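Letter by letter, the chains look like this.
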Amino acid sequence: MSTPLVEAVETIAAPDTPARPRRGWRSPSFVLGAALLLAVLALALVSLVWSPYGLDHTDPAARLADPSARHWAGTDRLGRDQFTQLMLGARTAVWIGLASVAVAFIIGVPLGLLAAVAGRFLENTVVGVIDIVIAFPTLLLAMLLVTVYGASTAVAISAIGIGVSAEVARLTRISASRVFTQDYVLAARTCGTGPLMILVRHVLPNIWHTLLVQATLAFGVAVIAEASLSYLGLGTPPPAPSWGRMLQEAQSTVSVAPWNVLLPGLAVAVTVVGVNLLGDGLRDVLDPQLRQERQAAYR
């Protein structure tokens, strides 16, 4: 039970959070990554209310047409507007990416915290399960689950989320275990604070920035996995557009309409590079000590 004495001891023992310079938010990695990711998000959001053509619109007279004022990114072999497909594909990528990251954190964070606070036997069991899942590449695990349960958006989200959750669980366990060795946590335990209250008061506030960086990187992994599954015909089923399916459909006409391969490939690359730069920038912003070490290394 918490008492004024317990709260006073925890407050005194807890470390002060170092000042975070504002200039970190203006780092090149953070600014460029945020700009690229915002461009993709803007494309996905705009597609909710407007697109040049409808999802099922085809123009048989303009098959494999070059980019023009009528079709900004040209058309595919069925006469579908490629810019419309690109916009709607961005919506699919963002939705599956965010949902997969949510599934990964819903599974991974509690599992990692359990491994950090549990006894040695339970911890070893959880760590063993995490290592087994990590041994399977995310894409391979997703392909296995999609093959068993069938191709659908829900299955793709679940499969990608489960694959990414192992990395989230491992990072959570490592970060939480480090916090549990700190003096202020030992002081809280001495005063009788329970494990759940320690997690809420001390562990989560000290590892959230690490998990936030991991979330950005996991989003990039999810986007690549979704595009790969769709390219193989195991992702979101038609008629829902996908960048991966656009690449698969355009490979047979690459010599005639190379832009049909270039644009969705560029979209995937921009999204992944953007989230990785954003994650690197967030790491510098949220960890001033790491930023200072990097600056010292370049001097």
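Residues numbered from 1 in each chain as written. Predicted model: local features only at pLDDT ≥ 70, side-chain atom pairs only at ≥ 80, totals over all residues. Heavy atoms only, no water.

Engineer: Outline the overall build of the chain, listing residues and values.
Structural biologist: Counting its secondary structure elements, the chain contains eleven helices and zero strands. Along its sequence from the N terminus, the chain presents helices and strands in the succession α-α-α-α-α-α-α-α-α-α-α. For the chain, buried positions account for 43% of its 299 residues. Considering only residue pairs separated by 6 or more positions, the chain has 70% of its internal contacts joining residues 24 or more positions apart. When the accessible area of the chain is evaluated, it comes to approximately 15,400 Å², of which 67% is carbon and sulfur surface. (Helix = DSSP H or I, 4+ residues; strand = E, 2+ residues; numbered from the N terminus. Buried < 20%, exposed > 50% of the residue type's maximum accessible area, 1.4 Å probe, protein only. Contact = heavy atoms within 4.5 Å. Areas by Shrake-Rupley, 256 points an atom, 1.4 Å probe, with all protein chains shown as cover.)

Engineer: Break down unusual backbone geometry for me, citing the residues and quoting the values.
Structural biologist: Residues P238 and P239 are joined by a peptide bond in cis, for which omega reads 10°. Structurally, P239 is set in the loop between α8 (195-231) and α9 (243-250). For L64, which is not a glycine, the phi torsion comes out positive at approximately 55°. Tracing the backbone shows L64 in the loop between α2 (28-47) and α3 (82-117). Judged by relative accessible area, L64 falls into the partly exposed class, the value being 23%.

Engineer: An account of α2 is requested, with residue identities and associated values reported.
Structural biologist: With 20 residues, α2 should cover 28 Å at 1.5 Å per step; its first-to-last C-alpha distance of 29 Å lies within 8% of that length. Among all positions in α2, only F30, G33, A34, L37, V40, A44 and S47 are buried. Taken around the axis of α2, the buried residues stretch over an arc of 150°, which confines them to a single face. Facing away from the buried surface of α2 by more than 90 degrees, the exposed residues are P28 and L38. (Expected span 1.5 Å × (residues − 1). Arc of directions from axis to C-beta.)

Engineer: I'd like a rundown of a nonpolar patch on the surface, residues and numbers included.
Structural biologist: On the surface, a nonpolar cluster with roughly 670 Å² of combined accessible area is contributed by L45, V46, L48, V49, W50 and W72. Here L48 shows up in the loop between α2 and α3. Judged by its relative accessible area of 54%, L48 is exposed. (Patch = residues over 30% accessible without salt bridge, like charges linked within 9 Å, V, L, I, M, F, W, Y side chains within 5 Å. Salt bridge = Lys/Arg side-chain N within 4 Å of Asp/Glu carboxyl O.)

Engineer: So, the packing of α2 against α3: which residues are in play, and what are the values?
Structural biologist: Each pair of packed helices can be described by the angle between their axes along with the distance between the axes. Two elements in contact, α2 and α3, have axes separated by 8 Å at closest approach and are oriented at 105°. By the angle between their directions, the pair α2 and α3 is classed as roughly perpendicular. Residues V40, L41, L43, A44, V46 and S47 of α2 form the contact with α3, whose own contacting residues are F83, L86, M87, L88, A90, R91 and V94. In terms of residue class, the contact of α2 with α3 is made up of eleven nonpolar, one polar and one charged. (Axes fitted to C-alpha atoms, helices over the stretch in contact; angles between N-to-C directions. Parallel < 35°, antiparallel > 145°, perpendicular 65-115°, else oblique. Nonpolar A, V, L, I, M, F, W, Y, C, P; charged D, E, K, R; others polar.)

Engineer: I'd like to hear about α8, residue by residue, with values.
Structural biologist: For α8, with 37 residues, the first-to-last C-alpha span of 46 Å runs short of the 54 Å given by 1.5 Å per residue. The sharpest bend along α8 reaches about 50° and sits at L204, with the proline P205 one to four residues further on. Directly beyond the C-terminal end of α8, a positive phi value near 80° is found at G233. (Bend = angle between axes of the 7 residues up to and from the residue.)

Engineer: Just give me the short version of the packing of helix α7 (residues 183-190) against α8, but keep the residues and values in it.
Structural biologist: Contact geometry for α7 and α8: axes closest at 11 Å, N-to-C directions at 175°. One finds that α7 runs roughly antiparallel with respect to α8. Taking contact as the criterion, the partners of Y184, V185, A188 and R189 in α7 are, on α8, I198, H202 and N206.

Engineer: If you had to explain the packing of aromatic side chains to someone new, which residues and values would you point to?
Structural biologist: Counting across every chain of the model gives two aromatic pairs. Seen in terms of ring centroids, W50 and W72 are 6.2 Å apart; in terms of plane orientation they differ by 40°. Their pairing is tilted. Of the two residues, W50 sits in the loop between α2 and α3 while W72 sits in the loop between α2 and α3, which places them 22 residues apart along the sequence. Through successive ring pairs, a cluster of aromatic residues spans W50, W72 and F83. (Phe/Tyr/Trp six-rings, centres within 6.5 Å; stacked < 30°, edge-to-face > 60°.)

Engineer: Lay out the confidence of the model for the chain with the relevant residues and their values.
Structural biologist: Of all residues in the chain, 87% attain a pLDDT of 70 or more, and the chain-wide mean is 85. In the model of the chain, helix α1 (residues 4-13) stands out as the element of lowest mean pLDDT, 43, in contrast to α3, which has the highest, 95. Note that residues 1-22 has pLDDT below 50 and, in this model, 23 contacts with residues that lie over four places away or in other chains. (pLDDT = per-residue confidence, 0-100.)

Engineer: Please give an account of the environment of G89 that cites residues and values.
Structural biologist: Within the secondary structure layout, G89 lies in helix α3. G89 gets classed as buried once you look at its relative accessible area, which sits at 2%. The spatial distance from the C-alpha of G89 to the C-alpha of A44 is 7.8 Å, given a sequence separation of 45 residues.

Engineer: Quick one: what's the story with the nonpolar core, residue by residue and with numbers?
Structural biologist: Membership of the largest hydrophobic core comes to 42 residues, with the highest contact counts inside it found for F105, L113, I160, F180 and V203. Where this core is concerned, the elements lending two or more residues are α2, α3, α5 (138-149), α6 (153-180), α7, α8 and α10 (259-286). In terms of residue count, α8 provides more of this core than any other element does, 13 residues in total. Beyond its immediate sequence surroundings of up to four residues, L113 is in contact with T172, A176, L199, V203, L204 and I207. (Core = buried A, V, L, I, M, F, W, Y, C linked by side-chain atoms within 4.5 Å.)

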